[in-house]
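Spelled out from the first residue to the last, the chains are:
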Amino acid sequence: MQFRTLCKWMVVAGTLVIWMIKLFIRPYGPWDEAGTFFLGVAPNFLGAFLVPFAAYWLYTHPMFFNGRLLRFPFCSDTRIVCLFGFFLALVNEYLQLIPVFGRTFDYYDLAFTVAGLLIAYYAFGAIYRRLAFYEL
């Protein structure tokens, strides 16, 4: 299986899992306090985990700048993608302090976003080294 295809299916499956948690599992289940907490931070963790995989899938698409956007080895610049993903999550979380949006700010969301990005950085690097170079 091509690494790009694996990234695509990871992003699609992860997005569906996040939607299932947000729309069906979290609101309708009788959860105890720990279950409510973990279901509350799971979308942040999973979304952060998917950041480098989604970036690789989208940036290496042949119709996206003719596939020429990534002329550098992507694995070495995954750090930049993860830092940018954290910056966007940080801005999103602090915008939730504005009461107009009807959402709540939570430091645990930021902590699990950082955890998801750190795990994704190392997991993506390991998978990339193992699979991407076999495609050449």
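Look above for the structure.
What you see is a predicted model; the values in this text were computed from it and never measured.

What counts and how
- Numbering of residues starts from 1 in every chain and runs along the sequence as written.
- Side-chain atom pairs in this predicted model are given and counted only at pLDDT of 80 or more, local residue features only at pLDDT of at least 70, and totals for whole chains, interfaces and linings cover all residues.
- Each side-chain value is derived from all of the structure's non-hydrogen atoms; neither hydrogens nor water enter the calculation.
- Here is the rule: rings of Phe, Tyr and Trp (six-membered ring for Trp) pair when centre to centre is within 6.5 Å. Planes less than 30 degrees apart are stacked, more than 60 are edge-to-face, and the remainder are tilted.
- Helical segments are the DSSP runs of H or I of at least four residues, strand segments are the runs of E of at least two, and each set is numbered from the N terminus.
- Only protein chains enter the accessibility calculation, which uses a 1.4 Å probe; a residue whose area is less than 20% of its type maximum is buried, one above 50% is exposed, and one in between is partly exposed.
- Angles shown run from 0 to 180 degrees and are taken between the N-to-C directions of axes, each axis being a line fitted to C-alpha atoms and, for helices, limited to the stretch in contact.
- Roughly parallel refers to an angle under 35 degrees, roughly antiparallel to one over 145, roughly perpendicular to one between 65 and 115, and oblique to any angle outside these ranges.
- Residues are treated as being in contact if the distance between any of their heavy atoms lies within 4.5 Å.
- Asp, Glu, Lys and Arg are counted as charged, while Ala, Val, Leu, Ile, Met, Phe, Trp, Tyr, Cys and Pro are counted as nonpolar; the rest, among them Gly, fall into the polar class.
- To form a nonpolar core, buried Ala, Val, Leu, Ile, Met, Phe, Trp, Tyr and Cys residues must be joined to one another through side-chain atoms within 4.5 Å.
- Without a salt bridge and with relative accessible area above 30%, a residue can belong to a patch; like charges are then joined within 9 Å and nonpolar side chains (Val, Leu, Ile, Met, Phe, Trp, Tyr) within 5 Å.
- Only the protein chains shown count as cover for residues, and the accessible areas themselves come from Shrake-Rupley with a 1.4 Å probe.
- Salt bridges, as used here, are contacts in which a Lys or Arg side-chain nitrogen is within 4 Å of a carboxyl oxygen on Asp or Glu.

### Digging into the packing of aromatic side chains
Throughout the structure, instances matching the rule amount to 14 aromatic pairs. The interplanar angle of 75° and the centroid separation of 5.5 Å between the aromatic rings of Phe3 and Tyr128 together place this pair among those described as edge-to-face. Of the two residues, Phe3 is situated in helix α1 (residues 3-28) and Tyr128 in helix α5 (residues 107-131); the sequence distance between them amounts to 125 residues. The burial state of Phe3 is the same as that of Tyr128; both residues are buried. For the pair Tyr121 and Tyr122, a centre-to-centre distance of 5.0 Å together with 75° between the ring planes defines the contact as edge-to-face.

### Describing the packing of helix α2 (residues 33-49) against helix α3 (residues 51-59)
With their axes 4 Å apart at the nearest point, α2 and α3 run at an angle of 40° to one another. For the element pair α2 / α3, the angle class is oblique. On α3, the residues that touch Gly47, Ala48 and Phe49 of α2 are Val51, Pro52 and Phe53. For the contact of α2 with α3, a count of residues per class yields five nonpolar, one polar and no charged.

### Things to note about the nonpolar core
Counting twelve residues, the largest nonpolar core is built from Phe3, Cys7, Val11, Ile18, Phe49, Leu50, Phe53, Ala54, Tyr56, Ala120, Phe124 and Tyr128. Residue assignment for this core shows that the elements contributing at least two residues are α1, α3 and α5. Looking at which element gives the most residues to this core, the answer is α1, with four residues. Filtering out sequence-adjacent residues up to four positions away, Val11 remains in contact with Leu50, Phe53, Ala54 and Trp57.

### Here's the deal with a nonpolar patch on the surface
Where nonpolar side chains cluster on the molecular surface, the patch consists of Trp9, Val12, Leu16, Trp19, Met20, Leu23, Phe24, Ile25, Tyr28 and Trp31 and spans about 1,100 Å² of accessible area. Tracing the chain through its elements places Met20 in helix α1.

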